[in-house]
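# Notes for the structure review
Letter by letter, the chains look like this.
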Amino acid sequence: MKAFLSTLLFFCILACHAQSRMYSPADPQASQETRQLFQRLMDLQKKGVMYGHQDDLMYGYSWWYEKDRSDIRDLVGDYPAVAGFELGHLELGSNRSLDSVSFDQIREQIKIFHKRNGIITISWHLDNPLTGKSAWDVSSKLVVKSILPGGENHARFNTWMDRLAAYFLTFKNDNGVLIPFIFRPWHEHSGSFFWWGKTLCTEEEYIQLWQYTVNYLRKKGLNNILFAYNTDRVLTLDEYLEGYPGDEYIDMLSLDMYDRGPEYFDELDNAMAFVSYSAQAKGKLCALSECGGDGSTWFSKYLLDVVKKYRVSYLLNWRNTYNPNPAPANAWWGPPRGYSAQFKADFMKFYNDPHTLFLKDIQ
Ligand code: BMA
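Residues numbered from 1 in each chain as written. Predicted model: local features only at pLDDT ≥ 70, side-chain atom pairs only at ≥ 80, totals over all residues. Heavy atoms only, no water.

## Considerations on the pairing of strand β7 (residues 285-292)
- In terms of burial, β7 is largely enclosed, as eight of its eight residues are buried.
- In terms of strand pairing, strand β6 (residues 252-258) meets β7 through seven bridges, oriented parallel. Residue pairing for β7: M257 is matched across the bridge by C291.
- Bridge analysis of β7 against strand β8 (residues 314-317) gives three bridges, and the strand direction is parallel. Counterpart to C291 in the pairing with β8 is N317.
- Handedness of the crossover is the feature at issue here: the chain leaves β7, passes through helix α10 (residues 298-307), returns alongside β8, and the resulting connection is right-handed. (Buried < 20%, exposed > 50% of the residue type's maximum accessible area, 1.4 Å probe, protein only. Helix = DSSP H or I, 4+ residues; strand = E, 2+ residues; numbered from the N terminus. Pairing = 2+ DSSP bridges. Right-handed = clockwise from strand over helix to strand, strands pointing away.)

## Description of the environment of A228
- Relative to the helices and strands, A228 resides in strand β5 (residues 225-231).
- Separated by 17 residues in the primary sequence, A228 and Q211 place their C-alpha atoms 13 Å from one another.
- Those residues within four positions of A228 in sequence are excluded, and the remaining contacts are I182, F183, R184, P185, W210, M252 and S254. (Contact = heavy atoms within 4.5 Å.)

## Notes on the site of the ligand
- In the region of the ligand, the neighbouring residues are E86, L98, D99, H125, W136, W318 and R319.
- With respect to the ligand, the side chain of R319 contributes an N or O atom lying 2.8 Å from an oxygen atom.
- Burial of the ligand by the protein chains amounts to 72% of its free accessible area of 310 Å².
- Here the ligand occupies the largest pocket.
- A class-by-class count of the residues in the shell around the ligand yields three nonpolar, one polar and three charged. (Near = heavy atom within 4 Å. Polar contact = N/O pair within 3.5 Å; in protein donor to acceptor, adjacent residues only side chain to side chain. Areas by Shrake-Rupley, 256 points an atom, 1.4 Å probe, with all protein chains shown as cover. 1 Å grid on protein atoms, 1.4 Å probe; cavity = no way out; pocket = protein on both sides within 12 Å on 5 of 7 lines; lining within 4 Å. Sits in = over half its atoms within 2 Å of the grid points. Nonpolar A, V, L, I, M, F, W, Y, C, P; charged D, E, K, R; others polar.)

## A word on helix α9 (residues 264-282)
- Relative to the 27 Å expected for 19 residues at 1.5 Å per residue, α9 spans 27 Å between its end C-alpha atoms, a close match to the ideal helical length.
- Trailing α9 by a residue or two, G283 shows a phi angle of about 75°, which is positive. (Expected span 1.5 Å × (residues − 1).)

## Remarks on the packing of aromatic side chains
- Under the defined criterion, the tally for this structure stands at 41 aromatic pairs.
- Between W124 and W186 the ring centres are 6.0 Å apart and the planes differ by 45°, which places this aromatic pair in the tilted class. Taken together, the residues W124 in the loop between β3 (119-123) and α5 (143-147) and W186 in the loop between β4 (181-183) and α7 (203-219) connect sequence positions 62 residues apart.
- Overall, W124 belongs to the buried group, its relative accessible area being 0%.
- Residue W186 is classed as buried on the basis of its relative accessible area of 0%.
- Taking NZ or CZ as reference, K301 lies 5.4 Å from the ring centre of Y302, over its face. (Phe/Tyr/Trp six-rings, centres within 6.5 Å; stacked < 30°, edge-to-face > 60°. Lys NZ or Arg CZ within 6 Å of the ring centre and 35° of its normal.)

## Overview of the layout of surface pockets
- In this structure, the largest pocket encloses a volume near 510 Å³.
- Contributing elements (two or more residues each) for the lining of the largest pocket: β6 and α9.
- Here the lining of the largest pocket takes three residues from β6, the largest share from any one element.
- A breakdown of the residues in the lining of the largest pocket according to their chemical character gives nine nonpolar, four polar and eleven charged. (Points joined across faces, edges and corners; volume = space filled by probe spheres on them.)

## Quick word on the side chain of S313
- By the secondary structure assignment, S313 is in the loop between α10 and β8.
- Not counting residues within four places of it along the chain, the set of residues in contact with S313 comprises L41, Q45, G48, V49, M50, M252, L285 and C286.

## Brief notes about unusual backbone geometry
- With a phi close to 90°, H89 is a non-glycine residue in the positive phi region.
- Within the fold, H89 resides in the loop between β2 (82-86) and α4 (103-115).
- The class of H89 is partly exposed, set by a relative accessible area of 22%.
- We note that E188 has phi near 55°; this positive angle belongs to a residue other than glycine.
- Tracing the backbone shows E188 in the loop between β4 and α7.
- Owing to a relative accessible area of 7%, E188 belongs among the buried residues under this scheme.

## Digging into empty space enclosed by the protein
- Within the structure shown, the criterion is met by one cavity of 30 Å³ or more.
- Q54, G84, F85, T121, I122, S123, R184, S289, Y314, L316 and W318 together form the lining of the largest cavity.
- Sorting the residues of the lining of the largest cavity by element identifies β2, β3 and β8 as the ones contributing at least two each.
- Ranked by residue count, the leading element in the lining of the largest cavity is β3, at three residues.
- Grouping the constituent residues of the lining of the largest cavity by class yields five nonpolar, five polar and one charged.

## A closer look at the pairing of β8
- Burial along β8 is two-sided: Y314 and L316 facing one way and L315 and N317 facing the other are all buried.
- In this structure, strand β1 (residues 49-54) lies alongside β8, joined through four bridges in parallel fashion. The partner of G52 across the bridge, within β8, is L316.

Structure, rendered in structure tokens:
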């Protein structure tokens, strides 16, 4: 009996310890708010998976910037727990993003959503600094090299970084304190469809690009950022970590994977396993930072079945492109109102599952 009680006590202590484990962001100078956010995300990751939606607060499939509106809220009565924002073309000094979204309105929504206790994540499809074309211009393998120290486009890139930093420095709460958020630059590196993709630079150049970016922003006093490392579809952990800049730079290991065929859920399961285990071993967060697919039980059965097996901070559906006319295929990754009844029912089931966390669930 005594032995039984002491074993029980031992496991209780262990369980309590696991519950209260303290985690720290990669940035040794991280602000108090950023530390709190990191710890909160780590704790939430043990409870379930947060739902995220890109540009959710900026527009929907049939409306354009209505301050409190969201396609997700229209459907389920609650906001996503994670809101994604996109900054492409900020580097050019434009007032609007590559998707025509106003940067002033993005800032406005970031402040509002932070007040609502929501989680903010930011992506950046910046133009190609060598050719002046889009992020998808992969005509040269010299772009990354050209913007690193010593490269012919280094000064230009610094101007772009300065614009990014200046904008980030305006994300302040009512007390003038910088709002903490997740930043996921240089994304989908395992693919080769952006100018920073795997076959478009060397692994060393990619690592340097990451380290340069993080150091640059930290030097500007931006100690409020959690950095997310990210790849597209990968089959092995080695493939995933090719280009990983190091634990001192990264707070989250994330993966983007869209449903593009019958192998999808097996491949997702395989990748989520090694990404989440590796994140856990490193004391980092894990996310399925972009995903989307179709089918009458896509959310509530297949997607949920996979993410439930692992510790995943959030999964994020990409944007519902604003398009009041019939939208092109794959334009709406989230569940818009007016979509098929079956799709809606599936999303409601997903929403009602205790494992999925929306804004009200993370208060
Ligand atoms: C892509 C597409 C583009 C968009 C970009 C940045 O995946 O949705 O239409 O411009 O993201 O939001």
